[in-house]
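A closer look at the structure
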Amino acid sequence: EAQVTQNPRYLITVTGKKLTVTCSQNMNHEYMSWYRQDPGLGLRQIYYSMNVEVTDKGDVPEGYKVSRKEKRNFPLILESPSPNQTSLYFCASSSPTGFGAEAFFGQGTRLTVV
Amino acid sequence: EDQVTQSPEALRLQEGESSSLNCSYTVSGLRGLFWYRQDPGKGPEFLFTLYSAGEEKEKERLKATLTKKESFLHITAPKPEDSATYLCAVKDTDKLIFGTGTRLQVFP
């Protein structure tokens, strides 16, 4: 079954404690991206990657890092989380011709930073 | 600045009562407009892609249309299972820009 898998689904952490949210896809997609979703603001892109070792900033990259060492994985790293990073996070992947068009989304990670 | 605006924010319909959702956009170089459905606690699910003005796509009770400045998602004779948030997004170069969505509730 084609899918994007994120872990964990729920996470409560304290300010400043480094964390990683994993994302893996099984569709051999080149394009992967991370979004955060906040009430009234919609989905906003954090980072995206067009292929292995190629990443670029989205609209709200501050406070986040990503890496793309393998095609299937695209982890999101928060080096020093702050309460304003409390949000619902989604990872997505698509084929290069789609470029995020027919994107497949993960189930989401609800992060709370206290 | 690229922008996507969806209206209304929320819509309540009786089962069978047809209606339309609007997505207006301003983008320097449109490379596609997309509709997604999102159920509570889940990731968005792709519905349609539209690339050029005049294009239409249909899927069951949903029909998406595109003009040069906006797109409509028409819902014909909706059922309670159509209740969800519908998201519109436009592609500008390598980025998808999302609207804030329309929350649709269909009552029996």
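A few points on the structure.

What counts and what doesn't
Residues numbered from 1 in each chain as written. Chains lettered and ligands numbered in written order. Predicted model: local features only at pLDDT ≥ 70, side-chain atom pairs only at ≥ 80, totals over all residues. Heavy atoms only, no water. Pairing = 2+ DSSP bridges. Helix = DSSP H or I, 4+ residues; strand = E, 2+ residues; numbered from the N terminus. Axes fitted to C-alpha atoms, helices over the stretch in contact; angles between N-to-C directions. Contact = heavy atoms within 4.5 Å. Buried area = accessible area lost by both parts, 1.4 Å probe. Polar contact = N/O pair within 3.5 Å; in protein donor to acceptor, adjacent residues only side chain to side chain. Nonpolar A, V, L, I, M, F, W, Y, C, P; charged D, E, K, R; others polar. Salt bridge = Lys/Arg side-chain N within 4 Å of Asp/Glu carboxyl O. Buried < 20%, exposed > 50% of the residue type's maximum accessible area, 1.4 Å probe, protein only. 1 Å grid on protein atoms, 1.4 Å probe; cavity = no way out; pocket = protein on both sides within 12 Å on 5 of 7 lines; lining within 4 Å. Points joined across faces, edges and corners; volume = space filled by probe spheres on them.

Here we take up the sheet that holds strand S1 (residues 3-7) of chain B. All names here are of chain B. The sheet built from five strands is open, its strands ordered S1-S3-S8-S7-S6 with antiparallel pairing. Strands at the two margins of the open sheet, each flanked by one partner only, are S1 and strand S6 (56-59). When the angles between neighbouring strand axes are averaged without regard to direction, this sheet yields 15°. Pairing between strand S7 (residues 62-66) and strand S8 (residues 70-75): five bridges, direction antiparallel. Looking at the pairing, lysine 63 lines up with histidine 74 of S8.

With that settled, the discussion passes to the interface of chain A and chain B. Of the residues lining the interface, 22 residues belong to chain A; the matching set on chain B comes to 19 residues. For the pairing of chain A and chain B, the buried interface totals around 1600 Å² over both sides, and the portion due to carbon and sulfur atoms is 54%. Connecting chain A to chain B are two residue pairs in polar contact (both at pLDDT 80 or more). A per-class count over the side of chain A that touches chain B returns 11 nonpolar, eight polar and three charged.

Residue and element names in this part refer to chain A. Strand order across the open sheet formed by four strands is S1-S3-S8-S7, with antiparallel pairing between neighbours. Either end of the sheet is taken by a strand with one partner, and the two such strands are strand S1 (4-7) and strand S7 (65-66). Of the strand pairs in this sheet, strand S3 (residues 19-25) and strand S8 (residues 76-78) are connected by three bridges, and their pairing is antiparallel. Looking across to S8, one finds that valine 21 is bridged to leucine 76.

Attention now goes to the pattern of salt bridges. All names here are of chain A. Going through the model one piece at a time under the given rule, you end up with nine salt bridges over all chains. The salt bridge partner of lysine 18 is glutamate 79, with a shortest N-O separation of 4.0 Å. Of this pair, lysine 18 sits in the loop between strand S2 (10-13) and S3 while glutamate 79 sits in the loop between S8 and strand S9 (87-94), and the two are 61 residues apart along the sequence. Exposure remark for lysine 18: the relative accessible area of 52% places this residue in the exposed category.

Turning our eyes to something else, we now look at the environment of Lys65(A). All names here are of chain A. With respect to the helices, strands and loops of the structure, lysine 65 is situated in strand S7. Sequence separation between lysine 65 and glutamine 25 is 40 residues; the distance between their C-alpha atoms is 19 Å. Each residue touching lysine 65, except ones within four places of it in the same chain, is listed here: Tyr47, Pro75, Leu76, Ile77 and Glu79. Looking at lysine 65, its side chain comes within polar contact range of the side chain of glutamate 79, at 2.9 Å.

With that settled, consider the pairing of strand S4 (residues 31-38) of chain A. Residue and element names in this part refer to chain A. Counting buried positions over the eight residues of S4 gives eight, a clear majority of the element. Side chains of S4 alternate between two faces, with Tyr31, Ser33, Tyr35 and Gln37 and Met32, Trp34, Arg36 and Asp38 buried alike. In terms of strand pairing, S4 meets S9 through seven bridges, oriented antiparallel. Residue pairing for S9: glutamine 37 is matched across the bridge by leucine 88. Two strands pair when backbone bridges link them, and S4 and strand S5 (residues 42-51) are joined in this way by seven bridges, in the antiparallel orientation. Bridge assignment links aspartate 38 to a residue of S5, and that residue is glycine 42. Connecting the antiparallel pair S4 and S5 is a turn made up of three residues, with glycine 40 showing a positive phi of about 80°.

With that out of the way, let us pick up the layout of surface pockets. Of the voids in this model, the largest pocket is the one considered here, and its volume is about 620 Å³. Taken together, 23 residues form the lining of the largest pocket, with Gln37(A), Pro39(A), Gly40(A), Thr85(B) and Thr100(B) sitting closest to its centre. Of all the elements in the fold, those that place two or more residues in the lining of the largest pocket are S4 and S9 of chain A together with strand S9 (84-92) and strand S11 (102-107) of chain B. The element that contributes the greatest number of residues to the lining of the largest pocket is S9(B), accounting for three residues. A breakdown of the residues in the lining of the largest pocket according to their chemical character gives six nonpolar, 11 polar and six charged. There is about 410 Å³ of room inside the second largest pocket. Phe104(A), Phe105(A), Gln107(A), Pro44(B) and Glu45(B) are, among the 21 residues lining the second largest pocket, the residues nearest its centre. Broken down by secondary-structure element, the contributors of at least two residues to the lining of the second largest pocket are S1 and strand S10 (104-105) of chain A together with strand S4 (30-38) and strand S5 (45-50) of chain B.

Keep in mind these values describe shape, not function.
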